[in-house]
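# Chains, contacts and geometry: an overview
Here's the letter readout for the chains.
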Amino acid sequence: MPILNRAAELQSEVTEWRRHLHTKPELLFAVENTAAFVENKLKEFGVDEIVTGLGRTGVVGLIKGNLGEGRTIGLRADMDALPMTETSGKPWASTTAGKMHACGHDGHTAMLLGAAKYLAETRNFKGAVAVIFQPAEEGGGGGNEMVKDGMMERFAIEEVYGMHNMPGMPVGQFGSRIGPIMASTDEFTITIDGRGGHAAQPHKTIDPIVIGSQIVNALQTIASRTVDPLASVVVSVTKFNAGFAHNIIPEQAVLAGTVRTLMPEVRDLAEGRIKQISESLGSAYGAKIKVSYGRNYPVTVNHRQETGHALSAAANIAGENQVSDDLDPMMGGEDFSYMLLARPGAFIFIGNGDTAGLHNPAYDFNDEAIPHGISYWVKLAEMRLAA
Ligand SMILES: [Zn+2]
Ligand SMILES: [Zn+2]
């Protein structure tokens, strides 16, 4: 079956919404106007319940089916933009310097609104669909905030699905995979407090530069000697700040960097080893070591069964040969990961065609993808909530 006729009919209207949102990007949790736009549309569609202010500025609309009582599934879009200046030159380009929809969340929001309109018109399912619009995907963890606000319990959501556009993948194609699909993205800072002194009298100092160098070297063994070579891990030291003169050994050195993994257990292992290696080397040389390790987004792990459901909904509207079930995982992060920790579900990518890449100043969401995205959401809801 190709895209749904009604979804094709909705394309021009949803494109207008998308371009409107594109001109007015908002950042992180400060998506008040976008959230108000979403709320007004959901009211217009006559959805059964609308809750705003979830996770500060998130919005959820509940649409009940006409085929009787049943389970509730969640469909999620993100609403926030990025702190960068657009160079697309499109007539609907951002009107605010320093803010732009460079990740296509305007398209995600518009497509889910299109699906909400369709589902509220037809209601050809049992149970209910919760359409979830979250703030602060690009840092801030808005998805996590909505989960912590009790969204899953409040709407009795049993499964949850997310979708992201992918530049370079042809329009009309979809891709996903079972298991890890996006990485965890953590940051660490290692502060080495030694004893400064004259560079010509190193024996009277505890040199934090020498200790820091050994720590940098030893951290390389996390990837080469600690983690299974078949698992993915990145440990990159990206800052090494110390010293200010040729003849002074400084008191302190500060290292910082990032850790990316695709498996929660590898993430735990990397965090533990960074602390152990740094503290042991510090104590071997008599320096004081402080390691701070910040966990940002967890690994986005697609659940087996739900990934199957997502892929079969995609195949149903796009055709089997337009859907990949073994997309390579990416080392970027996604805060839909928190929703997948709370409920089973799956994250899928939808082709954005030959456009500039995500987070590029020339990027623009491809409106040709709209009917495909709407059809996917509708088909997934109707398949999962079939009578
Ligand atoms: Zn992004
Ligand atoms: Zn994004």
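Residues numbered from 1 in each chain as written. Chains lettered and ligands numbered in written order. Predicted model: local features only at pLDDT ≥ 70, side-chain atom pairs only at ≥ 80, totals over all residues. Heavy atoms only, no water.

## Examining the overall build of the protein
Going by this rule: Strands are runs of DSSP state E lasting at least two residues, helices are runs of H or I lasting at least four, and both sets are numbered from the N terminus onward. In this scheme, a residue with accessible area under 20% of its type's maximum is buried, one over 50% is exposed, and one in between is partly exposed, where area comes from a 1.4 Å probe on protein chains only. By definition in these notes, contact holds between two residues if any of their heavy atoms fall within 4.5 Å. Residue burial considers only the protein chains on display, and all accessible areas are found by Shrake-Rupley using a 1.4 Å probe. Charge convention: Lys and Arg are scored as positive, Asp and Glu as negative, and His as well as the terminal groups of each chain are ignored. Where a charge lies is defined by one atom per residue type: Lys uses NZ, Arg uses CZ, Asp uses CG and Glu uses CD.
Within the protein, the regular secondary structure consists of 10 helices and 16 strands. Seen along its three principal axes, the alpha-carbon backbone of the protein occupies a region of about 80 × 45 × 40 Å. The buried share of the protein, reckoned over its 387 residues, is 55%. Within the protein, counting contacts between residues at least 6 apart in sequence, those at least 24 apart form 82% of the total. Put simply, the protein shows about 15,800 Å² of open surface, and 50% of that area lies on carbon and sulfur atoms. Charge separation in the protein, taken as the distance between the mean sites of 33 positive and 44 negative side-chain charges, equals 4 Å.

## What about the coordination of the zinc ion (ligand 1)?
This is how it is decided: Water is not among the atoms examined, so metal sites may look incomplete; donors are the N, O and S atoms within 2.8 Å of the metal, or within 3.2 Å for Na, K and Ca.
Ligation of the zinc ion (ligand 1) by protein atoms is provided by Cys103 (SG), Glu138 (OE), Glu138 (OE) and His359 (NE2), these donors lying 2.0 to 2.7 Å from the ion. Taken in sequence order, the residues that donate to the zinc ion (ligand 1) follow the motif C-x34-E-x220-H. The distance between the zinc ion (ligand 1) and the zinc ion (ligand 2) comes to 3.2 Å, and Cys103 binds to both of them. Taken together, the residues span a long stretch of sequence, with Glu138 in the loop between β4 (128–134) and α4 (142–148) and His359 in the loop between β16 (345–351) and α10 (370–384) at a distance of 221 residues.

## Points about the packing of aromatic side chains
The way to describe two aromatic rings as a pair is by their centre distance and the angle between their planes. Applicable threshold: Here is the rule: rings of Phe, Tyr and Trp (six-membered ring for Trp) pair when centre to centre is within 6.5 Å. Planes less than 30 degrees apart are stacked, more than 60 are edge-to-face, and the remainder are tilted. By the criterion adopted, a ring carries a charge over it if an Arg CZ or a Lys NZ lies within 6 Å of its centre and within 35 degrees of its normal.
Considering all chains together, one arrives at 6 aromatic pairs under this definition. Here a set of aromatic residues connected by ring pairs shows up, and it is made of Phe174, Tyr376 and Trp377. Sitting over the ring of Trp92, Arg19 keeps its end group 3.6 Å from the ring centre. Directly above the aromatic system of Phe29 lies the positively charged group of Arg56, at a separation of 3.8 Å from the ring centroid.

## Some words on the coordination of the zinc ion (ligand 2)
For the zinc ion (ligand 2), the full set of protein donor atoms is Cys103 (SG), His105 (NE2) and His164 (NE2), and the range of their distances to it is 2.1 to 2.3 Å. All donors to the zinc ion (ligand 2) come from one chain, and their sequence spacing reads C-x1-H-x58-H.

## Considering the pattern of salt bridges
Convention followed: Should a side-chain nitrogen of Lys or Arg be within 4 Å of a carboxyl oxygen of Asp or Glu, the pair is scored as a salt bridge.
Applying the stated rule across the entire model yields 23 salt bridges. Between Glu9 and Arg6 there is a salt bridge whose closest N-O contact spans 2.9 Å. Taken together, the positions of Glu9 and Arg6, both in helix α1 (residues 5–23) and 3 residues apart, correspond to about one turn of that helix. Between Asp364 and Lys90 there is a salt bridge, and its shortest N-O distance comes to 3.0 Å. Of the two residues, Asp364 sits in the loop between β16 and α10 while Lys90 sits in the loop between β3 (72–78) and α3 (105–122), which places them 274 residues apart along the sequence. According to the relative accessible area criterion, Asp364 is buried, its value standing at 3%. In this structure Lys90 comes out as partly exposed when scored by relative accessible area, which is 32%. Each of Arg18, Arg19, Lys90, Asp106, Asp364 and Asp367 takes part in salt bridges that share partners, so that together they form one network.

## A word on the pairing of strand β2 (residues 58–64)
Put simply, the rule reads: Two strands make a pair as long as DSSP finds a minimum of two bridges between them.
Counting buried residues in β2 gives 6 out of 7 residues, a clear majority hidden from the surface. In this structure, strand β1 (residues 49–54) lies alongside β2, joined through 5 bridges in antiparallel fashion. Along β2, the bridge assignment pairs Glu49 with Leu62. Linking β1 back to β2 in an antiparallel pair, the connection comprises 3 residues, with Gly55 at a positive phi of about 60°. As judged from the 6 bridges shared by β2 and β4, these two strands associate in the antiparallel manner.

## Digging into the nonpolar core
The test is simple: The set of buried Ala, Val, Leu, Ile, Met, Phe, Trp, Tyr and Cys residues whose side-chain atoms join them within 4.5 Å is what this entry labels a nonpolar core.
Core analysis: the biggest nonpolar cluster contains 57 residues, and Leu42, Leu75, Phe133, Phe174, Tyr376 and Trp377 have the highest contact counts within it. By residue number, the principal contributor to this core is α3, which donates 9 residues. With near-sequence residues (within four places) excluded, Tyr376 lies in contact with Met163, Phe174, Ala310, Ala313, Ala314, Ile317 and Ile348. Core analysis: the next-biggest nonpolar cluster, separate from the first, contains 26 residues, Val216, Ala218, Leu255 and Val291 among them.

## Observations concerning the sheet that holds β4
Threshold: The axes are straight lines fitted to the C-alpha atoms, using for helices just the contacting stretch, and the angles between their N-to-C directions are given from 0 to 180°.
The strand order across the open sheet built from 8 strands is β1-β2-β4-β3-β5-β16-β6-β15, with neighbouring strands paired in mixed fashion. Lying at the two open borders of the sheet, with one neighbouring strand each, are β1 and β15 (323–324). In the packing of α10 onto the sheet, contacts are made with β3, β4, β5 (157–166), β6 (174–175) and β16, and the angle to β5 comes to roughly 160°.

## Side note on the layout of surface pockets
Empty space among the atoms becomes visible once a probe the size of a water molecule is rolled across them. Defined as follows: Definitions used for this entry: grid spacing 1 Å over protein atoms alone; cavity, a set of points where a 1.4 Å probe fits but cannot get out; pocket, an open set with protein on both sides within 12 Å along at least 5 of 7 lines; lining residue, one with an atom within 4 Å of a point. Grid points are joined across faces, edges and corners, and a volume is the space filled by probe spheres set on the points. Residue polarity is assigned by list, with Asp, Glu, Lys and Arg as charged and Ala, Val, Leu, Ile, Met, Phe, Trp, Tyr, Cys and Pro as nonpolar; anything else, Gly included, falls into the polar class.
For the largest pocket, the calculated volume is near 350 Å³. Glu137, Glu138, Gly332, Gly333 and His359 are, among the 17 residues lining the largest pocket, the residues nearest its centre. Looking at the lining of the largest pocket residue by residue, the class counts come to 6 nonpolar, 7 polar and 4 charged.

## Focus on the sheet that holds strand β10 (residues 233–242)
Strand order in the open sheet made by the 4 strands is β10-β12-β8-β13, with antiparallel pairing throughout. On the outer flanks of this sheet lie β10 and β13 (288–295), each paired with one strand and no other. Averaged over neighbouring strand pairs, the angle between their axes works out to 15° when direction is ignored. The pairing of β10 with strand β12 (residues 252–261) spans 9 bridges and is antiparallel.

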